[in-house]
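Structural characterization, general
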Amino acid sequence: MSRQSLAGRKALVTGGARGIGAAIAQALARAGASIMIADILEEAGRASATAIAKEGVPTGFVGLDVTDDAQWERAVAQTVGTLGGYDILINNAGIEITSLISEVGAEDARRMCDVNIVGTVLGMKHAFRAMRPNGPAGKGGAVVNIASVAATIAFPSIAVYSGTKSAVDRMTRVGAMEAGKLGYGVRVNCIYPGLIPTDMGMQLANDIVKVGLAADVSAAVGSVVEQTPLGRLAEVTDIGDAAVFLCSNEARFITGIGLPVDGGMGM
């Protein structure tokens, strides 16, 4: 794939302040896309945008709580206004709160559903409205939703999170069908990342120890590696490269899929 396979494209990346989101934003920028970082973490989000802008890439930051319809509308308008268009959405923002089913807190479950499910569908809603013919961007595009290997395996202590990421997978496929049938010119796919040693990933490892499923963090991580045929944890660059592919013209006839980037863990 060309280093400039996304030249001229305009991307909004949610949860782009750090971790997977920041890595995807950097990968898209290296491939030639302009970038709008969206996050509730303003200081970290602006720092992420500044780092990309230093490479000469048109970049901006917008504060976004993905559960808020009005904030999505504002974020998309700012993306179109700042970047001069909008044809890539990376629906990455998400949260994970570890708990055994016997100990699940109702408010924790609702919060994960709100961010991971409602936030994702609102992102698709406003991407479709902007990218479809006669929308403010109006040139079609690509949506990549970030699901998880947790949507494909039975991993203990993350039942609600797994359920929300399974929902992301289903919504991706329905979104792809609607966008295709209605002539929006928007492809919709999702990625299932494996466990990555980001802040969220390592918090999960620590939480697994706390609930009694592993003796220590090393054992928790080791059990994941043992289940992974390629014998390592995922890296953020693995996810970034996959996102670039799904947004590129090389994936022009791919829509409605879930792409595992998990070293074979979920096969």
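Preceding this section is the structure that the text describes.
Before going into details, it helps to say that this report is about the structure given with it. Given the structure is predicted, the values throughout are model-derived calculations rather than measurements.

The rules behind the values
Residues numbered from 1 in each chain as written. Predicted model: local features only at pLDDT ≥ 70, side-chain atom pairs only at ≥ 80, totals over all residues. Heavy atoms only, no water. Helix = DSSP H or I, 4+ residues; strand = E, 2+ residues; numbered from the N terminus. Rg over C-alpha atoms; globule rule 2.2 N^0.38 Å. Buried < 20%, exposed > 50% of the residue type's maximum accessible area, 1.4 Å probe, protein only. Contact = heavy atoms within 4.5 Å. Lys, Arg positive; Asp, Glu negative; His and termini not counted. Charge placed at Lys NZ, Arg CZ, Asp CG, Glu CD. Salt bridge = Lys/Arg side-chain N within 4 Å of Asp/Glu carboxyl O. Core = buried A, V, L, I, M, F, W, Y, C linked by side-chain atoms within 4.5 Å. Arc of directions from axis to C-beta. Polar contact = N/O pair within 3.5 Å; in protein donor to acceptor, adjacent residues only side chain to side chain. Axes fitted to C-alpha atoms, helices over the stretch in contact; angles between N-to-C directions. Parallel < 35°, antiparallel > 145°, perpendicular 65-115°, else oblique. Left-handed = near helix turned anticlockwise from the far one by under 90°.

**A short note on the overall build of the protein chain**
A count of helices and strands for the protein chain gives eight helices and seven strands. Over its C-alpha atoms the protein chain spans a radius of gyration of 18 Å, differing by no more than 12% from the 18 Å that the globule rule assigns to 267 residues. Counting across all 267 residues of the protein chain, residues that qualify as buried make up 52%. The contacts in the protein chain between residues at least 6 apart in sequence include a share of 71% that link residues at least 24 apart. Across the protein chain, the mean location of the 22 positive side-chain charges is 10 Å away from that of the 25 negative side-chain charges.

**Quick look at the pattern of salt bridges**
Counted according to the given criterion, the structure contains eight salt bridges. Linking Lys125 and Asp69 is a salt bridge whose minimum nitrogen-to-oxygen distance equals 2.9 Å. A residue pair is termed long-range when its members are at least 10 positions apart, and Lys125 in helix H4 (residues 106-131) and Asp69 in helix H3 (residues 69-83) qualify at 56 residues. Given the relative accessible area of 28%, Lys125 is considered partly exposed. We note a salt bridge from Arg173 to Asp169, for which the minimum N-O separation is 3.0 Å. Here Arg173 pairs with Asp169, and both are found in helix H5 (residues 159-181), just four residues apart, close to one helical turn.

**With respect to the nonpolar core**
In this structure, Leu12, Trp72, Tyr86, Leu89, Val143 and Val186 are the most contacted members of the largest nonpolar core, which totals 33 residues. Mapped onto this core, the elements with two or more residues apiece are strand E2 (34-39), H3, H4, H5 and strand E6 (186-193). Counting residues per element, this core draws most heavily on H4, at seven residues. With sequence-adjacent residues up to four places away left out, Leu12 is seen in contact with Met36, Ala38, Val62, Trp72, Val76, Thr79, Tyr86, Ile88, Leu89 and Ile90.

**Considerations on helix H7 (residues 217-226)**
Looking only at H7, the buried set comprises Ala220, Val221 and Val224. Within H7, the buried residues cover an arc of 90° as seen down the axis, which keeps them to one side. For H7, the exposed residues set more than 90 degrees away from the buried face come down to Ser218 and Glu226. For H7, the elements touching its buried residues are helix H6 (199-210). Capping the start of H7, Asp216 holds a side-chain oxygen 3.3 Å from the backbone nitrogen of Ser218, two or three residues further along.

**With respect to the packing of H3 against H4**
Between H3 and H4, the shortest axis-to-axis distance is 10 Å and the interhelical angle comes to 40°. One way to sum up the angle between H3 and H4 is to call them oblique. In this structure, H3 crosses over H4, and the sense of that crossing is right-handed. Where H3 abuts H4, its residues Asp69, Trp72, Glu73 and Val76 lie against Gly119, Leu122, Gly123, Lys125, His126 and Ala130.

Purely geometric numbers; function is a separate question.
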